[in-house]
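Close look at the chain arrangement
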Amino acid sequence: MPAVRTSPFPASTVLGYPRIGPDRELKRALERYWDGHATADELRQEGARVRERTWRRLRSLGLDALPSNTFSYYDQVLDTAVALDAIPDRYRGASPLDTYFAMARGAPDVAPLRMTKWFDTNYHYIVPEIGPDTVFRPVPDKAVAEVREAKALGLDTRPVLIGPVTFLLLAQAPAGAPKGFRPLDRLGDVLDVYGRLLAALAAEGVGWTQLDEPALVADRTGAELDAVRRAYEYLGTLTTRPGLFVASYFGDLGEALPVIARTPVEAVGVDLVRGRTPVQALGEELALKTVVAGVVSGRDVWRAGRERALATLRALRVRVDRVVVSTSCSLLHVPHSLERETGLDPALLRRLAFADEKVAEVVELARLLEAAPRVEPFPAPDVHGDTEAGLPVWETRSPYPVRAAAQAGRLGLPPLPVTTIGSFPQTDELRAARAALARGELPVTGYEDRVRVEIERAVRVQERLGLDVLVHGEPERNDMVQYFAEHLDGFAVTRHGWVQSYGSRCTRPPILHGDVHRPAPITVRWAEYARSLTDRPVKGMLTGPVTIVAWSFLRDDLPLREVMLQVADAVRAEVLDLEAAGVPVIQVDEPALRELMPLRRAAQDAYLAWAVAAYRRATSGAGDRTQIHTHLCYSDADQIIAAVDALDADVTTVESARSHGRVLREPAVRDFGRGLGPGVYDIHSPRVPAAEEVEELLEAVLRVLPAERVWVNPDCGLKTRTYEQVEAALATMVAATGRLRERL
Ligand code: GLN
Ligand code: ZN
């Protein structure tokens, strides 16, 4: 039985809303503050404006229950760490705001906390650091301030915090913590503080609070499920607290469902878009609860299927205490509104829904549900029936040694060939030309002249510094996915469809809405132009199918693998055209290879098999004499080295310097059967590496890999650096390579 008397949960809500502002107002305010061009007060005023606009907007769209504390100056996980006062000592000392930003972004004397992907989304959170000695203390200030701020506007809100179990599972132990220590070991202390935070919210007159527990949709051990039980038994039996709404999202609760159902929490949020638990089973477990039913997707940009959503809601309603209509997860992962998307095809526009349109759908579904008869509906057809299918076919290229010999004969490279990852600095002139083109002030021909100048500059620099395999520098691309989306049928690009990636960073994912075709060659003429400038080999540069798909909004009427395959065939056509044009080396980048990895272990191998299949379909048309490269750049390439090997690229370049050679410590790397280029300098920092540093990293590579398979390259593309930094760093890299060649 509920331990506290709560008022019924209102009929409609959302789990969260974009917070960057429709015009990215918060992004600009943050960056002005960080650059010293705005005061803390000016930043706070912008924050307050964003929050006020959000609440008023949600209310004017007709939403009943408004979330608060979903605003953030950087990240909601970091906000929860602050609410527990879990701030490592090295960051303390500055004002609370600057302490916060030091954790998020670092300060002159201290590196930031680690940042990593938020489940299987493109959002990145700050990893809290929780040790055996972390002292917790309730700091309800931000949550309380938002409640009061909304109240001053006449609005009651539901504060949102990351739940204790997810918070601790996402945290990491500090360096030097005793072996075997896990942040979850601190559950008891953390629960005590959550209890006091809840009391502080109750004292503000808050009726409901939302605790986000997305970690419950991944595989959990028995001990972790025990932690869930313990957490919500404890919080649920407190007497001074708001109603407890535990929100799960991004998948099924699975084994955590009966666990959470048997605790005294009053409301449970379930993702009915991605989750596959039958309504029957949900009803049996959650019969006595309020179920916050996530029927409108927070992860895609499509209108919800109204019939199906309504049927699910009605079937649920006859089985549980109360049903609330909601989004499947926070709307953080979609753009603000379609209002200003004037450039989209009207037929496509009618199928789309961004955050505001999704809120309107939630409200409409709640109205329809209220009006629908309270009887079991006819079952809705399951359009997601995703039956297993075999892998696609691709032709097998000759065995690697045969290809390697053919390529060696053609390319005539020295040992330890030196190359780069693709992009060269984006100069002010290039940016200006791009902006002028967008404003219609520069004709396409003028813009292309600029692109040619930039290509020539990059080629000359590489020749002068003595690189072995050159690149054209990618000046024609604003972005490695959007550029291809703009040139392929089946994609649309938005004007204002920004989605937060981390902190002030946003991306504008293309919308893959139809069958994908490549109407004409995309990169061939730029590759040909670069080749006309030099006798050295120049790589053709493409983005791989998995990455294009991972960084786009996808259609929901075809299984992921079909979509990936269509994109793979488009990339394949481009590979064949580059080869026919005489390009001897073609790089197909897959930095997002593991981005869409399913959260549950059981589905991961099948996903990787499909990702690998798509890549091989894209690249296997190349003949033996064409050298295929790939590039991956997250630091956990080590964890999927077997899948990387299965890509069968002739050469793979990976990030390594930034993570201090972590990939090299992976035993499977020694068995890596083809060319490998672990990055020898970190391109994320403007710092030019010292020659000894680069040499040491290269020596480390040569200790685990035979010299004939080692390539020398930076960690990633150079587009965020300046020419000055790049020339110095590349010169160092070439010189270090020269010294090592002498010792071979
Ligand atoms: N070829 C791309 C570049 O150099 C790769 C970018 C990436 O790995 N994210 O910019
Ligand atoms: Zn990279």
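Conventions and cut-offs
Residues numbered from 1 in each chain as written. Chains lettered and ligands numbered in written order. Predicted model: local features only at pLDDT ≥ 70, side-chain atom pairs only at ≥ 80, totals over all residues. Helix = DSSP H or I, 4+ residues; strand = E, 2+ residues; numbered from the N terminus. Rg over C-alpha atoms; globule rule 2.2 N^0.38 Å. Buried ≥ 20, exposed ≤ 12 C-beta atoms within 10 Å, placed from the backbone. Contact = placed C-beta atoms within 7 Å. Core = buried A, V, L, I, M, F, W, Y, C linked by C-beta atoms within 7 Å. Expected span 1.5 Å × (residues − 1). Arc of directions from axis to C-beta. Pairing = 2+ DSSP bridges. Axes fitted to C-alpha atoms, helices over the stretch in contact; angles between N-to-C directions. Near = placed C-beta within 6 Å. Nonpolar A, V, L, I, M, F, W, Y, C, P; charged D, E, K, R; others polar. Right-handed = clockwise from strand over helix to strand, strands pointing away. pLDDT = per-residue confidence, 0-100. Left-handed = near helix turned anticlockwise from the far one by under 90°. UniProt positions renumbered as here; feature names shortened; annotations may be inferred.

Once that is clear, we can look at the overall build of the chain. Of the regular secondary structure elements, the chain holds 24 helices and 18 strands. Relative to the globule expectation of 27 Å for 744 residues, the C-alpha radius of gyration of the chain, 27 Å, shows essentially globular dimensions. Here the C-alpha coordinates of the chain stretch approximately 80 × 55 × 55 Å along the principal axes. Among the 744 residues that make up the chain, the fraction classed as buried is 49%. A sequence separation of at least 24 residues applies to 77% of the contacts in the chain between residues at least 6 apart.

What follows is about the nonpolar core. Counting 214 residues, the largest nonpolar core has Ile-260, Val-291, Ala-293, Val-295, Leu-313, Val-325 and Ala-614 as its most contacted members. When residues in this core are grouped by element, the largest group, nine residues, is from helix 20 (residues 560-580). If near-sequence neighbours (up to four positions away) are discounted, Leu-313 is found in contact with Ala-293, Val-295, Val-323, Val-325, Leu-365 and Leu-369.

Glancing now at helix 5 (residues 141-152). Every α-helical turn comprises 3.6 residues, leaving residues that sit three or four positions apart pointing alike. In this model, helix 5 (12 residues) spans 16 Å end to end at C-alpha, consistent with the 16 Å of a helix rising 1.5 Å per residue. Buried residues of helix 5: Lys-142, Ala-143, Glu-146, Val-147 and Ala-150, and no others. Seen from one end, helix 5 has its buried residues packed into an arc of 140°, which puts them on one side. Projecting away from the buried face of helix 5 at angles above 90 degrees are the exposed residues Asp-141 and Ala-152. Buried residues along helix 5 sit in contact with helix 2 (40-60), strand 1 (66-68), helix 3 (76-83), strand 4 (157-162) and helix 7 (187-203).

Turning our eyes to something else, we now look at the sheet that holds strand 6 (residues 243-247). In space, the seven strands of this open sheet follow the order 1-4-5-6-7-8-9, with parallel pairing throughout. Strand pairing shows two members of the sheet lacking a second neighbour, strand 1 and strand 9 (322-327), which therefore form its edges. Between one strand and the next, the sheet's axes are offset by a mean angle of 30°, whatever the strand orientation. Pairing analysis gives five bridges linking strand 5 (residues 208-212) to strand 6, with the strands arranged parallel. Considered in strand 6, the bridge of Thr-209 is made with Leu-244. Against the sheet, helix 11 (residues 306-317) touches strand 8 (290-296) and strand 9, its axis set at about 170° to strand 8.

Looking now at the environment of Ala-200. One can find Ala-200 in helix 7. Residue Ala-200 is classed as buried on the basis of its C-beta count, with 21 C-beta atoms lying within 10 Å. For the pair formed by Ala-200 and Arg-350, sequence separation is 150 residues and the distance between their alpha carbons is 45 Å. The contacts of Ala-200, once residues within four sequence positions are left out, are Pro-138, Pro-140 and Val-144.

Turning to the sheet that holds strand 17 (residues 651-654), a few remarks are in order. With parallel pairing, the five strands of this open sheet are ordered in space as 14-15-16-17-18. The open sheet has two edge strands, strand 14 (539-543) and strand 18 (675-678), and neither has a second partner. Here the strands of the sheet are splayed against their neighbours by 20° on average, with no regard to which way each runs. In terms of strand pairing, strand 17 meets strand 18 through four bridges, oriented parallel. Directly across from Thr-652, in strand 18, lies its bridge partner Leu-676.

With that settled, consider the site of ligand 1. The immediate surroundings of ligand 1 are formed by 13 residues, with Ile-421, Gly-422, Ser-423, Pro-591 and Gly-717 found nearest. Along the lines of polarity and charge, the residues of the shell around ligand 1 split into six nonpolar, four polar and three charged.

All right, on to the pairing of strand 16 (residues 627-632) then. With six of six residues buried, strand 16 lies mostly within the body of the structure. Across the two faces of strand 16 the burial is the same, with Gln-627, His-629 and His-631 and Ile-628, Thr-630 and Leu-632 all buried. In this region the chain leaves strand 15 (residues 585-589), passes through helix 21 (residues 601-619) and returns to the parallel neighbour strand 16; the handedness of that crossover is right-handed. With four bridges connecting them, strand 16 and strand 17 associate as parallel partners. Across the sheet, His-631 pairs through a bridge with Thr-653, a residue of strand 17.

What follows is about the environment of Asp-468. Locating Asp-468 in the fold gives a position in the loop between helix 16 (444-465) and helix 17 (482-487). A tally of 20 C-beta atoms within 10 Å means that Asp-468 is categorised as buried. Spatially, the C-alpha atom of Asp-468 lies 36 Å from that of Pro-112, the residues being 356 residues apart in sequence. For Asp-468, the contacting residues outside a window of four places in its chain are Leu-413, Pro-414, Pro-417, Val-418 and Thr-419.

This part is about the confidence of the model for the chain. When the pLDDT values of the chain are averaged, the result is 95; 97% of them are 70 or greater. For this predicted complex, the interface confidence reaches an ipTM of 0.99, while the overall pTM sits at 0.93.

The geometry of helix 7 relative to helix 8 (residues 222-237) is characterised by a closest axis approach of 10 Å and an angle of 30° between their N-to-C directions. In the crossing of helix 7 with helix 8, the sense of the turn from one axis to the other is right-handed. Where helix 7 abuts helix 8, its residues Leu-187, Leu-191, Tyr-194, Gly-195 and Leu-198 lie against Ala-227, Arg-230, Ala-231, Tyr-234 and Leu-235. The class makeup of the residues in the contact of helix 7 with helix 8 is eight nonpolar, one polar and one charged.

What follows deals with the UniProt feature "binding site: L-homocysteine" (unreviewed entry) in the chain. When the UniProt feature table is mapped onto this chain, "binding site: L-homocysteine" (unreviewed entry) is found at Ile-421, Gly-422, Ser-423 and Asp-589. A compact arrangement is adopted by the annotated residues: their sequence extent is 169 residues, whereas the largest C-alpha distance between any two is 11.7 Å. On the secondary structure map, Ile-421 appears in the loop between helix 14 (400-411) and helix 15 (428-439). Not counting chain neighbours up to four residues away, the residues in contact with Ile-421 comprise His-631, Thr-653, Asn-713, Pro-714, Cys-716 and Gly-717. Topologically, Asp-589 is positioned in strand 15. Owing to 25 C-beta atoms within 10 Å, Asp-589 belongs among the buried residues under this scheme. Filtering out sequence-adjacent residues up to four positions away, Asp-589 remains in contact with Met-480, Thr-543, Gly-544, Thr-547, Thr-630 and His-631.

At a closest axis distance of 9 Å, the pairing of helix 10 (residues 279-286) and helix 11 adopts a crossing angle of 35°. Of the two possible hands of crossing, helix 10 and helix 11 adopt the one that is right-handed. Contacts between helix 10 and helix 11 involve Val-279, Leu-282 and Gly-283 on the former and, on the latter, Thr-312, Ala-315 and Leu-316. Residues that form the contact of helix 10 with helix 11 fall into these classes: four nonpolar, two polar and no charged.

The phi torsion at Leu-416 lies on the positive side, around 50°, for a residue other than glycine. Among the structural elements, Leu-416 can be located in the loop between helix 14 and helix 15. The phi dihedral of His-660 is positive, around 50°, even though this residue is not glycine. Note that His-660 resides in the loop between strand 17 and strand 18. Note on His-660: 13 C-beta atoms within 10 Å, which makes it partly exposed.

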